[in-house]
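Remarks on the overall topology
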Amino acid sequence: MDSICPLDIQHSDKISALLKPPSSLQVQASFEYFDQLVKTKQCHGLKVKQDGVHGKGVYAETDFNEGELVLKDEMLVGAQHSSNKVDCLVCSYCFCFIGSIELQIGRKLYLHDLGLSGRMDCAAESSDEEDDLFNEDLGQCSSSGAKKKIPLPKEAVESLMNGHIELPYSNKFSLSSAVPCPGKCGETYYCSELCADADWESFHSLLCVGENTGTPTKEALLKFVQHADGTNDIFYLAAKAISFTVLRYRKLKAAQFQEQKEHDAQDGNDNSDFSLLLQAWRPVSMGYKRSSKARTALKFHCVSVRHGLDMSDAARYARVAALVFASASTSVSVLVWWECVALPDDVDCCDEESFRGQIRELAFEFNFCYLLNFEILFKCVVFSLEIYGHIIGMFELNNLDLVVASPVEDYFLYIDDLQQVDKEQAERTTRPVLDALGDEYSMCCQGSAFFPLQSCMNHSCRPNAKAFKREEDRDGQATIIAVRRISEEEVTISYIDEDLPFKERQALLADYGFKCMCSKCVEEEL
Ligand SMILES: C[S@@+](CC[C@H](N)C(=O)[O-])C[C@H]1O[C@@H](n2cnc3c(N)ncnc32)[C@H](O)[C@@H]1O
């Protein structure tokens, strides 16, 4: 396939303008954007600054004690993993659990009975301790250690779903009732009309395939969603970022039109369509990352380390990488996905070019505009393959896992903590339900999201903060907590398991395109 997107050819000047790395003036303006974001979030005493070495970073301008909340960051765009949708019914906008404990359990059992599976193979997210608790109580271990499931009768499953059975004490875990999508797609639900409206306005009206939408390309859209579900959710996330930009652009255009009408055309703001598009694109563009020509050399170095090659070779490559890094810093450009995706271990370095070509083909195949023919509908340059590739690449480097704890887990823990008499009575009802759910009784909501401020945090293998959900953090926001006292210094988190040995850490960080030179790595490399 000749993967040339017609928009890339027609609008190459506009595409380069959209993807151009910010000038120093624009970088300054972007810090004002981040200052504004900090003001609107549940955080204070933070500032996004450029340190010249690692690009942007988040700095504490005040002290934070160990365990203190540093930042609560609302996502710009996020999505639940498609495989997780069978197990958890969550609000498609804020990702909190909805319906009721009975609905969560009944729906999951029902969908699994239909043969739809999320992660059914003993994939419980509960800790070993919690597993032991239930295994011991119920004595239902199979030889592999996984609890053998004992299905509930179909009628019982349906009664749980329909709310005809009320589980004991479930009223202590009340959830917001599920509000259906206004476009009637039957796929998305919300915790409130507010979330339903916000999602519709920001993303969903361009992605909904329901009967109440005007989307003339439903079939293509369905095909796109199916492909994304079957391969990588990041394609869908990128489509959401594009919808977000287009819908913002339309709002800005409508506001400009209104303003011109009210103040006479001559006096009105006469921003061109393209400058409005640039404005609409801004929140997404703020996640830009510098590309480095050293990426390949660096990756090569790390692959050598991973495969236990001679350290003198590895050190040589590291020096090469450092040199190329230094030269690349003067000629930065924005990354696209097929350039920044890490080379898998089983692909030889000399096949890199062909591997990147294949990835580009894949992006073209799934390209939102190509599948939906949106370029015909909207004539909007953000549907170009280059832009699509840029968004996916940016998400690859920036995204954080989206995790929301399940109230079903809390529910069963509550039952387990009851006084003996109450517990025995409750378990007469709850035990068969747990037997049917098996090990994955407590699956949490999982997905991927882009958080504007958190994504400015640099990595350290000796971090002073971490992403951590507290008891009260029951939605899709990113929560960053201090792991030690932070005193007017850069706030760093670890992108990987920082307790891994040096070589493994460096190999994992190569996927982010850098060699870590934090104090821990420098000490351990010697
Ligand atoms: C999530 S972003 C962090 C914010 C980023 N510095 C920026 O300018 O927006 C991740 C990228 O930051 C850079 N980075 C983060 N931590 C680093 C570190 N310890 N050493 C070198 N580069 C780092 C790498 O380019 C990495 O791909």
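These figures come from a predicted structure and were not determined experimentally. (Residues numbered from 1 in each chain as written. Predicted model: local features only at pLDDT ≥ 70, side-chain atom pairs only at ≥ 80, totals over all residues.)

Looking at the domain arrangement of the protein
Taken domain by domain, the protein holds domain 1 (6–77 + 288–399 + 451–525) and domain 2 (81–198 + 402–446). Each residue belonging to the side of domain 1 that touches domain 2 can be placed in one class, and the counts come to no nonpolar, one polar and three charged. (Domains from an automatic or database assignment. Nonpolar A, V, L, I, M, F, W, Y, C, P; charged D, E, K, R; others polar.)

Focus: the site of the ligand
Neighbouring the ligand are 18 residues, the closest being G55, K56, N458, H459 and F514. Listing elements by their share of the shell around the ligand, those giving two or more residues are β2 (56–60), α18 (385–398) and β10 (458–459). By residue class, the composition of the shell around the ligand is seven nonpolar, nine polar and two charged. (Near = placed C-beta within 6 Å. Helix = DSSP H or I, 4+ residues; strand = E, 2+ residues; numbered from the N terminus.)

Focus: the environment of S243
Within the secondary structure layout, S243 lies in helix α9 (residues 234–262). The exposure class assigned to S243 is buried, which follows from the 21 C-beta atoms found within 10 Å. Along the primary structure S243 and H204 are separated by 39 residues, whereas in three dimensions their C-alpha atoms are 7.7 Å apart. Filtering out sequence-adjacent residues up to four positions away, S243 remains in contact with F203, L206 and L207. (Buried ≥ 20, exposed ≤ 12 C-beta atoms within 10 Å, placed from the backbone. Contact = placed C-beta atoms within 7 Å.)

Remarks on the sheet that holds β2
A sheet is described by the order of its strands in space; here four strands give the open sequence β1-β2-β14-β10, paired in mixed fashion. Only two strands of the sheet have a single partner each, and these edge strands are β1 (46–50) and β10. (Pairing = 2+ DSSP bridges.)

Some points on unusual backbone geometry
Negative phi values dominate among residues other than glycine, just as trans dominates among peptide bonds. One non-glycine residue with positive phi stands out, namely F95, at about 70°. Tracing the sequence through the fold places F95 in the loop between β5 (77–80) and α4 (101–113). One non-glycine residue, Y169, lies in positive phi territory at about 65°. Residue position: Y169 is located in the loop between α6 (154–162) and β6 (179–180). Exposure remark for Y169: the 16 C-beta atoms within 10 Å place this residue in the partly exposed category.

Some details on the nonpolar core
Counting residues in each nonpolar core, the largest one holds 99 residues, and the members touching the most others are V77, V90, C91, I98, A238, A241 and I391. Per-element accounting of this core gives the leading share, ten residues, to α9. Here this core gathers at least three residues from each of two domains, domain 1 (6–77 + 288–399 + 451–525) and domain 2 (81–198 + 402–446). Apart from residues no more than four positions distant in its own chain, A241 is found in contact with V77, V284 and I391. C461, Y495, F514 and C516 belong to the second-largest nonpolar core, a separate cluster that totals seven residues. (Core = buried A, V, L, I, M, F, W, Y, C linked by C-beta atoms within 7 Å.)

So, the packing of helix α8 (residues 218–230) against α9
In the contact formed by α8 and α9, the axes pass within 7 Å of each other and the chain directions differ by 135°. It follows that α8 is oblique to α9 by the angle criterion. Counting all contacts with α8, which are made through F224, V225, H227 and A228, the residues of α9 involved are F235, Y236 and A239. Per-class residue counts for the contact of α8 with α9 are six nonpolar, one polar and no charged. (Axes fitted to C-alpha atoms, helices over the stretch in contact; angles between N-to-C directions. Parallel < 35°, antiparallel > 145°, perpendicular 65-115°, else oblique.)

Some words on the pairing of strand β12 (residues 478–482)
Of the two faces of β12, only the one carrying A478, I480 and A482 is buried; T479 and I481 on the other face are not. Summarising the sheet, strand β4 (residues 69–73) and β12 pair through four bridges and their orientation is antiparallel. Within β12, the position partnered with L71 by the bridge is I480. Where strand β11 (residues 465–467) meets β12, three bridges bridge the pair, whose relative direction is antiparallel.

With respect to the sheet that holds strand β8 (residues 400–404)
The strand order across the open sheet formed by three strands is β5-β9-β8, and the pairing between neighbours is antiparallel. Each end of this open sheet is capped by a strand with a single partner; those strands are β5 and β8. Going across the sheet, the axis of each strand differs from the next one's by a mean of 30°, ignoring polarity. For β8 and strand β9 (residues 445–450), the ladder comprises five bridges, and the chain directions are antiparallel.

A short note on the packing of α9 against α18
Interhelical geometry of α9 versus α18 gives an angle of 115° and a closest axis separation of 9 Å. Like other packed secondary-structure pairs, α9 and α18 cross with a definite hand, here right-handed. Contacts between α9 and α18 involve I234, L237, A238 and A241 from the former and Y388, I391, I392 and F395 from the latter. Among the residues making up the contact of α9 with α18, the classes are represented as eight nonpolar, no polar and no charged. (Left-handed = near helix turned anticlockwise from the far one by under 90°.)

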